[in-house]
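What follows is the residue order along each chain.
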Amino acid sequence: MAGVATLREPKAEPRAAQAGTAGRLGPKVRRNLSAHGFLIGAVLCFTFFSWYPIVREVIMSFQKAVVGGGYAWAGWTNYVRIFRDPTFWLAWRNTLEFTVLALVVGYAVPFFVALLLNELRHARGYLRVLVYLPVMLPPASALLLFAYFYNPQYGLFDDILRLVHLPTSQWVFQPGSGFISVAMVSVVIASTWMNMGGATLIYLAALQNIPGELYEAAELDGAGLWRRIRHVTIPQTRLILLMLLMLQIVATMQMFVESFVLTNGGGGVGDNTLSVVMLIYQYAFALSGASNYNSASALGVMLMLVLAVFSFGFLWATRERASQA
Amino acid sequence: MTTRTLISSATLNRGRGKVVYRVVLTLAIVGFTLVFIGPMYFLFTDGLKSTHEAIATPPTLYPHHVYPGSYAQAFDRLDIARLLWNSVYYAFGALAFQLTFDVAAAYSLSKLRPVFGNVIFFLMLATLMIPTTVLVVPQYVTVASLPIVHLNLIGTPEAIWLPSVANAFNIFLLKRFFDSIPADYLDAAQIDGASPLRILRSIVLPISRPIIGVVSIFGLVAVWKDFLWPLLVEYGYTPTRETLNVGIWQATYGTPQNLIIAASAMAAVPTIVFFLFFQRNIMGGLTAGGLRG
C-alpha cells in the first residue's frame, strides 16, 4: 500500500494547500476520510449482504440449533445428514442433467443463431429484437405461459401432438427420471426460450468483430464454408465461447425459478426436476417442523464451492482476454 | 453492413447463392416469428378468451368470443395495480440506492484512492465468484436480524434495496469508466477549489452518462425479474408486498386459467414497453462488461 500512496503524492498537492486552512487534521488524513466517506455506504452493504453471509454460510453449516434459541457447534453432522438424504443425490443428479441439457441446447443454439443472423443482410434488427424479447419478460409470466402450454388436459403442445396423431405427453409432469427425462427436457425448452437472447447477442457482437480479411484470405485459399467456420470463426471467438461456457454453467447450476414455477413449487413427479437450489429452499423454508437453516447452509457451501471453481475459470478467461487487448 | 462476413456478399448476389439466401432469409423470418412471437401471441390473446374457451380442446387460434372481462377480473382479483406499484417501488428504490452508493464507491476507488482501497476493491470483485443464489439462507438470516443494530428488515422494501447495492459488477463497470476520465480535468477543478463531491457532481457524472445508463437499465431489470429473494423476504403480507413477478405466481392456486394468462400478459407489458424504448441501450449494454469480442 505504501507504494501506491507515494505514487499519488503529486496529486495531493493542491489539496494540501487547501487543507492548510482547514484545521488540525493533516491533508493525508483529511483526504482519506473523505475518500472513505464516499466508500462507506457500499462497504456496509457488501459487509452485511455479501461478505458476512459468505462467512456465515460456512459457520452455519457446522452448527446446529439448540432448544431455547442459539446455535451450538455440530461438527460434520449437517453434512453427514444431507449425504444420507436420497433427495440430496437426486437433486445433484437433476441439476447435472439440467446443466448438460441446457448446455447442449442453450449453448450451441445461440451460437448458430448468431452465425445465421450475422450472415443475413435483411431484417437483422427485427430478428435481434425477437430473440431478445423473451429475456425481458418477468420469468413468472413466461413460465406460467409454458405451464399452460404444457398442461396435459388442455395445453397447446398436446393439442398439436393430437392434431398430427402423435402420442401425447405429460411434459413437466411426465414421471420417470432416465438420464434424459421428458420432464427435464420440458424445463430446458422453457428455460432456453426465456434465456437464449443474451448469449445470442453476445456472440453476435463477437462475430462482428472478426476482421473480414481473414474470411477473404481463407476463401482465396479454397476453404469451404465449414472450414471457414472451423478455422476462422471458432478460433476468433474462442475466448468468448469459453467465457460464456463458464457463465452458463454457473447460471444453469443455480436453476430454480424454471422448475419451481412449472411444477407449482413441487419439483415434478418423484422430484425429477428438483434442483439443488430448490432443495436448499426446501431444507430452509418449506419443510414442516423446525426450520433447518443449518442443513441448507451445508448444501449451500457445497454448491458455492462447485460454482466458485467455474466462476474462477470465467475470471481467468476474462483476464487472458484483457491481457490480449 | 458492408463488412465481410463468413459468406461474401458477392456469393449471395449471384445465381444459386441468391436463391439460397432468399430461402434462408424467409425461413429465418418465419421460424423466428413463430418461435418467439408465437407464444407471446397466445399470452396476449388467450387472456381475451372465456375460461371455457381457454381450456377448450382443440384450442381456438384466436378468441372466437372476445371477452375482455378476463383482464378486468384478473386485474381486480390479483390486485395487479398494487403488485405493479410494489415492483416499481422496489426497482426504482434499489436503483436509487445503487446509483448513490455504487457511484460514490467507484468514484472513491478510482479517483480519491483511499488507503486499503485496492484491498476493498479486490474483496468486492471476489464476490463475483459466489452467486447470491447460494447465499440465500445466511442472507435471509442476516436480513431478519442485522448484526450489531438488530433490525429486522423482512417485509420492508429495504430488504430488497440494500442487498442490491452489494453488486460488484456495477462497481467494476463504473470504476473502469471513471478510470478513463483524464486526471487533468479533476486536478483543474481541484485547483479552483472544488470539493470531491462537487467534482463528482459537476465533472464525473456528466461525462459518465452512458455507463450510468447501462448500470441503471440492468439494475432495474434485475430487481424486476428477481424471483427467489422477493419470494423469501416479501411473502405473505396483507396488503401484499410481493413483486409482480412473485405475486402472479402466488395467485395461480385456484385461479381460472384465462385469468392467469391475462395476469401474465399484464405483468409482461411494462417490460416489453421498456425494452422497445431502450432496446439500443439494452442490447448494446450486454457487451459493456468486457465481453466484447
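Residues numbered from 1 in each chain as written. Chains lettered and ligands numbered in written order. Predicted model: local features only at pLDDT ≥ 70, side-chain atom pairs only at ≥ 80, totals over all residues.

**Description of the overall build of chain A**
If you tally the helices and strands in chain A, you get 15 helices and 2 strands. A fraction of 64% describes how many contacts in chain A between residues 6 or more apart in sequence connect residues 24 or more apart. (Helix = DSSP H or I, 4+ residues; strand = E, 2+ residues; numbered from the N terminus. Contact = placed C-beta atoms within 7 Å.)

**Some details on the overall build of chain B**
Along chain B, the regular secondary structure elements total 15 helices and 0 strands. Principal-axis analysis of the C-alpha atoms gives chain B an extent of 75 × 65 × 35 Å. By residue count, 41% of the 293 residues in chain B fall in the buried class. Considering only contacts within chain B whose residues lie at least 6 apart along the sequence, 72% involve residues at least 24 apart. (Buried ≥ 20, exposed ≤ 12 C-beta atoms within 10 Å, placed from the backbone.)

**Re the domain arrangement of chain A**
Residues and elements named next belong to chain A. Each assigned domain of chain A is listed here: domain 1 (2–61) and domain 2 (80–324). Listed as interface residues are 4 residues of domain 1 and, on the opposing side, 7 residues of domain 2. Looking at the side of domain 1 that touches domain 2 residue by residue, the classes come out as 2 nonpolar, 1 polar and 1 charged. (Domains from an automatic or database assignment. Nonpolar A, V, L, I, M, F, W, Y, C, P; charged D, E, K, R; others polar.)

**Thoughts on the environment of Leu-44 of chain A**
All names here are of chain A. By secondary structure assignment, the location of Leu-44 is in helix α3 (residues 27–61). Its 14 C-beta neighbours within 10 Å are what place Leu-44 among the partly exposed residues. The sequence separation of Leu-44 and Glu-219 amounts to 175 residues, and the corresponding C-alpha distance is 57 Å.

**Regarding unusual backbone geometry**
In the Ramachandran plot, Trp-171 of chain A falls in the positive-phi region, its phi being about 55 degrees despite a non-glycine side chain. Turning to its location among the elements, Trp-171 of chain A is positioned in the loop between α8 (156–163) and α9 (182–208). Among the residues examined, Trp-171 of chain A registers 23 C-beta atoms within 10 Å and is labelled buried. We note that Ile-148 of chain B has phi near 70 degrees; this positive angle belongs to a residue other than glycine. With respect to the helices, strands and loops of the structure, Ile-148 of chain B is situated in the loop between α7 (136–144) and α8 (158–165). Ile-148 of chain B sits in the exposed class, given 6 other C-beta atoms within 10 Å.

**Observations concerning the interface of chain A and chain B**
With 98 residues of chain A at the contact, the number on the chain B side is 93 residues. Top contributing element to the side of chain A that touches chain B by residue count: α3 of chain A, with 22 residues.

**Focus on the environment of Val-80 of chain A**
All names here are of chain A. Relative to the elements of secondary structure, Val-80 occurs in helix α4 (residues 77–84). Given 11 C-beta atoms within a 10 Å radius, Val-80 is considered exposed. As a C-alpha pair, Val-80 and Ser-295 span 215 residues in sequence and 9.5 Å in three-dimensional space.

**Observations regarding the packing of helix α7 (residues 139–150) of chain A against helix α15 (residues 257–285) of chain B**
Where α7 of chain A meets α15 of chain B, the closest approach of the two axes is 9 Å, and the angle between their N-to-C directions is 150 degrees. In this view, α7 of chain A runs roughly antiparallel relative to α15 of chain B, as classed from their interaxial angle. Once α7 of chain A is placed against α15 of chain B, the crossing between them reads as left-handed. Along its contact with α7 of chain A, which presents Ala-140, Ser-141, Leu-144, Leu-145 and Tyr-148 of chain A, the element α15 of chain B presents Gln-257, Ile-260, Ile-261, Ser-264, Ala-267 and Ala-268 of chain B. Considered class by class, the residues forming the contact of α7 of chain A with α15 of chain B number 8 nonpolar, 3 polar and no charged. (Axes fitted to C-alpha atoms, helices over the stretch in contact; angles between N-to-C directions. Parallel < 35°, antiparallel > 145°, perpendicular 65-115°, else oblique. Left-handed = near helix turned anticlockwise from the far one by under 90°.)

**What to know about the confidence of the model for chain A**
Taken as a whole, chain A shows an average pLDDT of 83; of its residues, 89% reach a score of 70 or greater. Across residues 1–22 of chain A the pLDDT falls below 50, and counting only partners more than four positions away or on other chains, this stretch makes 20 contacts in the model. (pLDDT = per-residue confidence, 0-100.)

**Points about the nonpolar core**
Within the largest apolar cluster, 165 residues are counted, with the highest numbers of intra-cluster contacts made by Leu-143, Leu-144 and Ile-280 of chain A together with Ala-263 of chain B. When residues no more than four places from it in sequence are discounted, the contact partners of Ala-263 of chain B are Ala-74, Leu-78, Ile-80, Ile-248 and Ala-251 of chain B. (Core = buried A, V, L, I, M, F, W, Y, C linked by C-beta atoms within 7 Å.)

**Side note on the packing of helix α10 (residues 212–220) of chain A against helix α11 (residues 225–236) of chain A**
Residue and element names in this part refer to chain A. The geometry of α10 relative to α11 is characterised by a closest axis approach of 10 Å and an angle of 160 degrees between their N-to-C directions. Relative to α11, the element α10 lies roughly antiparallel. Seen from above, α10 lies across α11 with right-handed handedness. Facing α10, whose interface residues are Leu-214, Tyr-215, Ala-218 and Glu-219, α11 presents Arg-228, His-231, Val-232 and Gln-236. The class makeup of the residues in the contact of α10 with α11 is 4 nonpolar, 2 polar and 2 charged.

**With respect to the confidence of the model for chain B**
Scored by pLDDT, chain B has a mean of 88; 97% of the residues are at 70 or more. In the predicted assembly, ipTM is 0.89 and pTM is 0.87.

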